[in-house]
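One-letter residues, chain by chain:
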Amino acid sequence: MKVWTVSESKIGTSSQCLAVAKFLSPQPSEKTFEPNRNWRRVFDGPLFVRWEKEPNLVISCGFRAEKRVMKIKQTYKSRPFTVHLQEPLKPGYDLVFVSRHGWRPEFDARPNYHQMLGVPHRFSAAFWDSHRHTARSIYAPNGEKVVTVFLGGSNGAYVYDDASHRHIAHTVRELAGRGWRVLISVSRRSSAETLAAILPLNSGSVTVWDRISANPFIDYVAAADAFLIAKDSVTMPCEALSTGRPVYALDLTAAPGERYQKFEQYHQDLQATLKLTRRYEGSLDAYDYEPPAEAERISKIISSALQAANGR
């Protein structure tokens, strides 16, 4: 099967498309673009050329990809089967996947709309197990229990203010005092103020990524016995859940409003409905759950829908 993925070049959207596509084709063709504006558009290269062999399937993510996918459909007379991993702003997709926390009642009447948990990603329990020995030899050579802490940035739902920074610092010191080896990583969204607030936590039992050295994300996840993840992220809990290890949500200062309600709905779904994560209340007790495999599950739905479409 010839599969194209269409998205901005940023990892947040391109990785979702590729995670699903690789279950359907060993070598999907990445059609990425930079969202240049105004006069800079004259330097944009073409996303595709008309004489390229048409794809069987196009998978996209992000609203900026939509008009490009519709151009592909127009060029190839609507033959490629098109899938979008987000609620689209434009009609015309054959199949759409919307995160559970963004699902609306009217979608129930659309047979080509399906729910997904958070966002798809490329990781699996087998992947983490294959990296665990090396990661543990670096961060837990004597069998220490490791908690990995992931932090993001203010996002309209939560605020990384002084109160949040103090709460994070207090929590980390408390865990270190109870014998945990703590690994802390910021993200691309983290502010300089957040990094400055947590760097002083570095100690014999706490390691903070300085955002200068190589990103230790893979080792931090593989080494972990438990996770503590700030509530501003949708992606990081999904990736951590692929390990099968405990995932706890760390509270931040709330920014009440529609976006806050949507994020709280996401965490309520994970905690109360699906029982995959737990709210951090001072302990990191172990618990059992079946790690979600959303990218594979989504790919199976696409494969079935594509077969049905080709059979018509």
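Definitions and limits used
- Residues numbered from 1 in each chain as written.
- Predicted model: local features only at pLDDT ≥ 70, side-chain atom pairs only at ≥ 80, totals over all residues.
- Heavy atoms only, no water.
- Buried < 20%, exposed > 50% of the residue type's maximum accessible area, 1.4 Å probe, protein only.
- Helix = DSSP H or I, 4+ residues; strand = E, 2+ residues; numbered from the N terminus.
- Contact = heavy atoms within 4.5 Å.
- Core = buried A, V, L, I, M, F, W, Y, C linked by side-chain atoms within 4.5 Å.
- 1 Å grid on protein atoms, 1.4 Å probe; cavity = no way out; pocket = protein on both sides within 12 Å on 5 of 7 lines; lining within 4 Å.
- Points joined across faces, edges and corners; volume = space filled by probe spheres on them.
- Phe/Tyr/Trp six-rings, centres within 6.5 Å; stacked < 30°, edge-to-face > 60°.
- Expected span 1.5 Å × (residues − 1).
- Arc of directions from axis to C-beta.
- Salt bridge = Lys/Arg side-chain N within 4 Å of Asp/Glu carboxyl O.
- Pairing = 2+ DSSP bridges.
- Nonpolar A, V, L, I, M, F, W, Y, C, P; charged D, E, K, R; others polar.

### Comments concerning helix 2 (residues 66-75)
For an α-helix the count is 3.6 residues per turn, leaving residues at separations of three or four pointing the same way.
And then number 1: Restricting attention to buried positions, one finds in helix 2 the residues Glu66, Val69, Ile72, Lys73 and Thr75.
And then number 2: Lining the buried residues of helix 2 we find strand 1 (3-8), strand 3 (57-60) and strand 4 (81-84).

### Brief notes about the nonpolar core
And then number 1: In terms of nonpolar packing, the biggest core is built from 59 residues, with Val182 and Ile184 touching the most fellow members.
And then number 2: Each residue touching Ile184, except ones within four places of it in the same chain, is listed here: Val149, Leu151, Val172, Ile198, Leu201, Val206, Thr207, Val208, Trp209 and Tyr220.
And then number 3: Counting residues in hydrophobic clusters, the runner-up holds 20 residues, among them Cys17, Leu57, Ile59 and Leu95.

### Structural notes on empty space enclosed by the protein
And then number 1: Taken as a whole and assessed by the stated rule, the structure comprises one cavity of 30 Å³ or more.
And then number 2: Roughly 40 Å³ of volume is contained in the largest cavity.
And then number 3: Forming the boundary of the largest cavity are Ile229, Ala230, Lys231, Pro237, Val247, Tyr248, Ala249, His267, Leu270 and Thr277.
And then number 4: Breaking the lining of the largest cavity down by element, the ones donating at least two residues are strand 11 (226-230), strand 12 (247-250) and helix 8 (258-273).
And then number 5: Looking at the lining of the largest cavity, the element that brings in the most residues is strand 12, giving three residues.

### Thoughts on the packing of aromatic side chains
And then number 1: Tallying each qualifying case throughout the model produces 18 aromatic pairs.
And then number 2: Relative to Tyr220, the ring of Tyr139 has its centre 5.4 Å away and its plane inclined at 85°; by these criteria the two rings are edge-to-face. Of this pair, Tyr139 sits in helix 3 (residues 125-139) while Tyr220 sits in helix 6 (residues 217-223); the two residues are 81 residues apart in sequence, bridging distant segments of the chain. Both residues of the pair, Tyr139 and Tyr220, count as buried.
And then number 3: An angle of 75° between the planes, with centres 5.6 Å apart, marks the rings of Tyr158 and Tyr260 as edge-to-face. Of this pair, Tyr158 sits in strand 8 (residues 158-159) while Tyr260 is found in helix 8, placing the two residues 102 residues apart along the sequence.

### Quick notes on helix 9 (residues 294-311)
And then number 1: The end-to-end C-alpha distance of helix 9, which contains 18 residues, comes to 26 Å, matching closely the 26 Å that a straight helix rising 1.5 Å per residue would cover.
And then number 2: Every buried residue of helix 9 is accounted for by Glu294, Ala295, Ile298, Ser299, Ile302, Leu306 and Ala309. Around the axis of helix 9, the buried residues are gathered within 120° of arc, so they sit on the same side. Away from its buried face by more than 90 degrees, helix 9 exposes Lys300, Gln307 and Gly311.
And then number 3: Turning to helix 9, the residues buried within the fold contact helix 1 (11-21), strand 3, strand 4, strand 5 (95-99) and strand 6 (113-116).

### Focus on the pattern of salt bridges
And then number 1: In this structure the tally under the stated criterion is 18 salt bridges.
And then number 2: Put simply, Asp129 and Arg245 hold a salt bridge, and the shortest N to O gap is 3.8 Å. Of this pair, Asp129 sits in helix 3 while Arg245 sits in the loop between helix 7 (235-241) and strand 12; the two residues are 116 residues apart in sequence, bridging distant segments of the chain.
And then number 3: You can call Asp129 partly exposed: its relative accessible area is 48%.
And then number 4: Residue Arg245 is classed as buried on the basis of its relative accessible area, which comes to 15%.
And then number 5: With a closest N to O distance of 2.8 Å, Glu294 and Arg297 form a salt bridge. Of this pair, Glu294 and Arg297 both sit in helix 9, three residues apart, which is roughly one turn of the helix.

### A look at the sheet that holds strand 11
Note: strands within a sheet are paired through backbone hydrogen bonds, in either parallel or antiparallel orientation.
And then number 1: Read across the open sheet, the six strands follow the order 10-9-7-11-12-14; overall the sheet is parallel. Two strands in the sheet have a free side with no partner beyond their single neighbour: strand 10 (206-208) and strand 14 (278-279).
And then number 2: With five bridges connecting them, strand 7 (residues 146-150) and strand 9 (residues 181-185) associate as parallel partners. By the bridge assignment for strand 9, Phe150 is matched with Ser185.

### Description of the pairing of strand 3
And then number 1: Taking every second residue as pointing to the same face, both faces of strand 3 are buried, with Leu57 and Ile59 on one and Val58 and Ser60 on the other.
And then number 2: When strand 1 meets strand 3, the two strands line up parallel, connected through four bridges. The partner of Trp4 across the bridge, within strand 3, is Val58.
And then number 3: In this sheet, strand 4 lies alongside strand 3 in parallel orientation, the contact comprising four bridges. Within the sheet, the bridge partner assigned to Leu57 lies in strand 4 and is Phe81.

### Some points on the layout of surface pockets
And then number 1: Of the pockets and cavities examined, the largest pocket occupies roughly 1,700 Å³.
And then number 2: Lining the largest pocket are 47 residues, and of these Gly12, Gln16, Val119, Val234 and Thr235 sit closest to its centre.
And then number 3: Taken together, the elements giving at least two residues each to the lining of the largest pocket come down to helix 1, strand 5, helix 6, helix 7 and helix 8.
And then number 4: The residue inventory of the lining of the largest pocket, partitioned by class, reads 19 nonpolar, 16 polar and 12 charged.

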